[in-house]
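# Observations on the three-dimensional arrangement
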Amino acid sequence: MTLDHTMRGRRMPIVFTDLDGSLMNHTDYSIEGARRALGVLHSAGIPLVVCTSKTRAELERLLGQISPDSPFVAENGGGVFFPPACSDWIIPDARSLGNLRCISLGAPYAAIRSFMERVGERFGARGFADMDVEEISHLTGLGLDDAALARMREFTEPFVLEREECLPLLEREAAASGLAITKGGRFYHCMGRGADKGAAVRLVMDIVERNLGTDLVSIAAGDSHNDLSMLASVDIPVLIPHEDGSLEDVDLPGLVKADHPGSRGFNDAVMRILETLGLHQG
């Protein structure tokens, strides 16, 4: 990823986005409604950084059609990845994973699984590691191949909670173990404390600014509770409505509320913002 010459001397936009329910529709996982905005971002050389609960394995398959040359954030901030396009960047504390470089945030996956195994039966909490691929496919609506990729966890554990009334106690026990519980669109997630989307977004912005030598104007789009730390970390937060039209309870400076759920909402909100910034007309 390089700095487009038209951006030199001005603040460069960078767009962060959740996937399910934001850039992608919640029901069919389609990005078709966002094609226009994606094309404009690509043509203008504006980085699009996916920040999602999906695994590295899932994202390596998806990002070829979305944003192959930008950093990406997997598993709700647990892992920040830099692709070969960033190979000449200085990235402190990164380790190599294949052709990617990764910064891990939070706790090791083994520690998270140990906690889940200890409390799972008592709270009725079942994580992806407790399920086979067929059950994950049924719960997520993913095909079997994609469900297998979703099961390849490295930083966090999605889980279902049979006894919702136990959530406050589960959260306290997680905190005592250095972990945290957050709620996504379909599942709860257990992760290392401090490994949220906001921390990952701030890390990416710092590394981009240092390596490209430019200040950023940051935009982020999300629809669920676990996106709030990301939205609070950027200049222009975009809140995408749920499928039923409802919105998370968010009060942030400069908040843009999309008019539609999923990819269409992402498209329309991002296009409006780019026009306001003078980066696209009509």
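Small disclaimer: the values here were computed from a predicted structure and weren't measured.

In terms of regular secondary structure, the protein chain is built from 9 helices and 13 strands. Computed over C-alpha atoms, the radius of gyration of the protein chain comes to 18 Å, within 12% of the 19 Å expected from 2.2 N^0.38 for 282 residues, which places it in the range of a compact globule. Taking the principal axes of the C-alpha coordinates as reference, the protein chain spans close to 55 × 40 × 35 Å. Intrachain contacts of the protein chain at a sequence separation of at least 6 include 60% that bridge at least 24 residues. Total accessible area computed for the protein chain in this model is approximately 12200 Å², and 48% of it derives from carbon and sulfur atoms. For the protein chain, the centre of its 27 positive side-chain charges and the centre of its 41 negative side-chain charges are spaced 3 Å apart.

A regular strand places its side chains so that they alternate between the two faces of the sheet. Of all 7 residues making up strand 11 (residues 216-222), 7 are buried, and the element is well covered by its neighbours. Every second residue of strand 11 is oriented toward a common face, with Leu216, Ser218, Ala220 and Gly222 on one face and Val217, Ile219 and Ala221 on the other, all of them buried. Relative to strand 11, strand 1 (residues 12-17) runs parallel, the two being bridged by 6 bridges. Its bridge partner lying in strand 11, isoleucine 14 is registered against serine 218.

This next bit is on the layout of surface pockets. Of the volumes computed, that of the second largest pocket is approximately 180 Å³. Lining the second largest pocket are Met24, Tyr29, Lys54, Glu58, Arg61, Leu62, Gln65, Leu142, Asp146 and Leu149. It is helix 2 (residues 56-62) that provides the largest number of residues to the lining of the second largest pocket, a total of 3 residues.

Once that is clear, we can look at the pairing of strand 1. Where burial is concerned, most of strand 1 is hidden: 6 out of the 6 residues are buried. Neither face of strand 1 is open: one carries Met12, Ile14 and Phe16, the other Pro13, Val15 and Thr17, and all of them are buried. Alignment of strand 1 against strand 2 (residues 48-50), held across 3 bridges, turns out to be parallel. Bridging across to strand 2, threonine 17 finds its partner in valine 50. What joins strand 1 to strand 2 is helix 1 (residues 35-44), and the crossover it makes is right-handed.

Take the environment of serine 53 next. By secondary structure assignment, the location of serine 53 is in the loop between strand 2 and helix 2. Sequence separation between serine 53 and valine 160 is 107 residues, and the spatial gap between their C-alpha atoms is 15 Å. Among residues more than four places away in sequence, those in contact with serine 53 are Glu75, Asn76, Arg153, His189 and Lys197.

What follows covers the sheet that holds strand 11. In spatial order, the strands read 2-1-11-12-13; together these 5 strands make up an open sheet with parallel pairing. In this open sheet, the two edge strands, each paired with only one partner strand, are strand 2 and strand 13 (256-257). As paired strands, strand 12 (residues 236-239) and strand 13 are joined by 2 bridges and run parallel to one another. Directly across from leucine 239, in strand 13, lies its bridge partner lysine 257.

Turning our attention to unusual backbone geometry. Phi angles above zero are rare outside glycine, and tyrosine 29 is one such case at about 60°. For tyrosine 29, the position within the fold is in the loop between strand 1 and helix 1. Judged by relative accessible area, tyrosine 29 falls into the buried class, the value being 17%. Of note in the backbone geometry, asparagine 76 takes a positive phi value of approximately 60° without being a glycine.

Procedures and definitions
Residues numbered from 1 in each chain as written. Predicted model: local features only at pLDDT ≥ 70, side-chain atom pairs only at ≥ 80, totals over all residues. Heavy atoms only, no water. Helix = DSSP H or I, 4+ residues; strand = E, 2+ residues; numbered from the N terminus. Rg over C-alpha atoms; globule rule 2.2 N^0.38 Å. Contact = heavy atoms within 4.5 Å. Areas by Shrake-Rupley, 256 points an atom, 1.4 Å probe, with all protein chains shown as cover. Lys, Arg positive; Asp, Glu negative; His and termini not counted. Charge placed at Lys NZ, Arg CZ, Asp CG, Glu CD. Buried < 20%, exposed > 50% of the residue type's maximum accessible area, 1.4 Å probe, protein only. Pairing = 2+ DSSP bridges. 1 Å grid on protein atoms, 1.4 Å probe; cavity = no way out; pocket = protein on both sides within 12 Å on 5 of 7 lines; lining within 4 Å. Points joined across faces, edges and corners; volume = space filled by probe spheres on them. Right-handed = clockwise from strand over helix to strand, strands pointing away.

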